[in-house]
Amino acid sequence: MSPANRPLTAIQNRIVTAAVDISQDDPLDIVYQHSLFCQVALPRRRTEARIFERSHQHGLIRVEAGVLYDGANLVEQPMPAGPKPRLALIHINSEAVRTRSPLVEVDGSARHFMERLGLNTDGGSSYALFKREMKALAACRMTLGFRGLHGSTTVDVKPIQRFDAWTTPDDPTGIWPGQIGLSQPYFETLLAHAVPLDSRALSALTHSALAIDAYQFFARRLFSLSKSVKITWAQFHGQFGQEYGGKYPVKDFQREWWPACRAALTVYPTAKVELVRGGLMLHPSPPPIHSTTVTIPIDLSSAAPGSLIAPVVPLKPTIAPQSTTPIPVRPLKPMTIERFRRHYPGLDPYACQHDFETWVQRKEPPRNYDAAFLGFAKSWAQRQNKPAD
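Structural notes, computed from the coordinates. Just so it is clear, the model here is predicted, and its values are computed rather than measured. (Residues numbered from 1 in each chain as written. Predicted model: local features only at pLDDT ≥ 70, side-chain atom pairs only at ≥ 80, totals over all residues. Heavy atoms only, no water.)

Thoughts on the side chain of Q77
Put simply, the rule is: The helix count covers DSSP runs of H or I at least four residues long, the strand count covers runs of E at least two residues long, and both are numbered beginning at the N terminus. To sort residues, take the accessible area from a 1.4 Å probe on protein chains only and compare it with the maximum for the residue type: under 20% means buried, over 50% means exposed, and anything in between is partly exposed. Polar contact is defined as a pair of N or O atoms within 3.5 Å, subject to the rule that within protein one atom must be able to donate a hydrogen and the other to accept it, and that residues adjacent in sequence are counted only when both atoms are side-chain atoms. Contacts are assigned to residue pairs with any non-hydrogen atoms lying within 4.5 Å of each other.
Here Q77 is to be found in the loop between β5 (74-76) and α2 (83-99). Its relative accessible area of 9% is what places Q77 among the buried residues. Here the side chain of Q77 touches V75 through a polar contact of 3.2 Å, landing on its backbone oxygen. Once residues lying within four places of it in the same chain are set aside, the contact partners of Q77 are R50, A65, G66, V67, L68, K135, A136 and A139.

And the structure:
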């Protein structure tokens, strides 16, 4: 049978089905990843090492395997690796961003949680592997380094600060804890650097940690480009394939990286990426999630997906009243956001923007959106700082 006539594998069919769905319909569920994990990644394969470190340009991650208490002793946990901890971390990040709380509610059973992540739930081995990776993720400590608008930042955190064991060893029911608690430092950097992703794309890529890494990378990088740029296979190897050694490390990595990129780009239809001699040519592209096509719930208006950056939680959050009609949110220019934060420290520009959108619905559309927003912000900020009666 010729390759053209061969039936699709289960994985290929899942990816193609997701690509068709993504190209035709807006997402019903938006998920979030920390932007640093879009630049550098967790280990992709199981390793006996207790420390894993990866860096690239302005981003660094150092992961140290940890321990968990089993009721009698502290038990060493392995290094989190593969697709499962990636998907679990995205889910936990997403719930924290949505609720604006470091305490994340989780499902009542491992099976339900795995189904939400798009993971296979057939057989006991699937549960055992997932629980092992989740315990590894909960136990590890991370050092995150990245460069922001105001210089370099180092955050030394244990991302999951609170984690209750699912069951006692002889309990077959697989009951999960009610909450997972993120550490405050990690939670704050997450809110400041959250990248929105399409959950359908991630569900299609659950078979490959490398494909998930490729999708996250393209989701963050393509939107931020102002002009086309070529990235060589050697540069990709330096960023994502540092564990590939041997006689021909770049070629060995390329052999796995390009199929992973093809899978990721299949479920990112608006991505503009070309295969060229020696690497890939990346062109400026719309993000996988953008505000012009996605209805943003009222309680998420302060994390407009089109911006690719979620705001820091305000010191005095303003919660908009519930409405049955979604209000479209236009991206603010970065300079406008900076001016707002400089003049009104502690207040949330995106909460202000939501109120501005509500107000402007009753007016003529402003000729200069950002200038009109800043004019509105002056009186808005005065109302927020006014003591309650």
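Brief notes about the sheet that holds strand β6 (residues 103-105)
Threshold: Being paired, for any two strands, means DSSP has found at least two bridges between them. Axes, fitted as lines to C-alpha atoms, cover a helix only where it is in contact. Angles between the N-to-C directions of the axes lie from 0 to 180 degrees.
If you trace the three strands from one edge of the open sheet to the other, you get β6-β10-β9, paired in antiparallel fashion. Only two strands of the sheet have a single partner each, and these edge strands are β6 and β9 (160-162). Recorded for the sheet is a direction-independent mean angle of 45 degrees between the axes of neighbouring strands. Pairing between β9 and strand β10 (residues 179-182): two bridges, direction antiparallel. Across the sheet, the residue bridging to R162 is G181, located in β10.

Regarding the packing of α2 against helix α5 (residues 184-192)
Here is the rule: With respect to orientation, any angle under 35 degrees is reported as roughly parallel, any angle over 145 as roughly antiparallel, any angle of 65 to 115 as roughly perpendicular, and every other angle as oblique. Three categories are distinguished: nonpolar for Ala, Val, Leu, Ile, Met, Phe, Trp, Tyr, Cys and Pro, charged for Asp, Glu, Lys and Arg, and polar for the others, with Gly belonging to the last.
Between α2 and α5, the least distance of the axes is 10 Å, while the angle of their chain directions is 80 degrees. On the basis of their axis angle, the class for α2 and α5 is roughly perpendicular. Together, L89, N93, A96 and V97 of α2 and Y186, F187, L190 and L191 of α5 make up the contact between the two elements. Partitioning the contact of α2 with α5 into residue classes produces seven nonpolar, one polar and no charged.

Notes on the environment of G278
In this fold, G278 is placed in the loop between β13 (273-276) and β14 (279-282). When near neighbours in sequence (up to four residues on either side) are disregarded, G278 contacts K230, T232 and W233.

Re the pairing of β10
Successive residues of a regular strand alternate their side chains across the two faces of the sheet. Neither face of β10 is left uncovered, since the one carrying Q179 and G181 and the one carrying I180 and L182 both have all their residues buried. One ladder, built from three bridges, connects β6 with β10; its direction is antiparallel. The residue of β10 that forms the bridge with V104 is I180.

Here we look at the sheet that holds β14
Read from one edge of the open sheet, three strands run β12-β14-β13, paired in antiparallel fashion. Each edge of the open sheet is held by one strand with a lone partner, namely β12 (229-232) and β13. Direction aside, the axes of adjacent strands within the sheet are offset by 25 degrees on average. Of the strand pairs in this sheet, β12 and β14 are connected by four bridges, and their pairing is antiparallel. Bridging from a neighbouring strand, T232 pairs with G279 of β14. Taken strand by strand, helix α7 (residues 209-224) contacts β12, β13 and β14, and its axis lies near 45 degrees from that of β14. Packed on one face of the sheet, helix α8 (residues 233-240) meets β12, β13 and β14 and runs near 70 degrees to β12.

Structural notes on the pairing of β13
Sheet topology places β13 next to β14; four bridges connect them, and they run antiparallel. What sits directly across from L275, in β14, is L280. Where β13 folds back onto β14 in an antiparallel hairpin, the turn is made up of two residues, including G278, whose phi is positive at roughly 85 degrees.

Looking at a nonpolar patch on the surface
Using the following cut-off: Patches were defined on residues exceeding 30% relative accessible area and lacking a salt bridge, with like-charge contacts within 9 Å and nonpolar side-chain contacts (Val, Leu, Ile, Met, Phe, Trp, Tyr) within 5 Å. What sets the accessible areas is the Shrake-Rupley method with a 1.4 Å probe; for residues, cover comes only from the shown protein chains. Salt bridges are defined as contacts in which a side-chain nitrogen from Lys or Arg sits within 4 Å of a carboxyl oxygen from Asp or Glu.
Together, L8, V16 and V20 line one region of the surface with nonpolar side chains, adding up to about 230 Å² of accessible area. For V20, the position within the fold is in helix α1 (residues 10-24).

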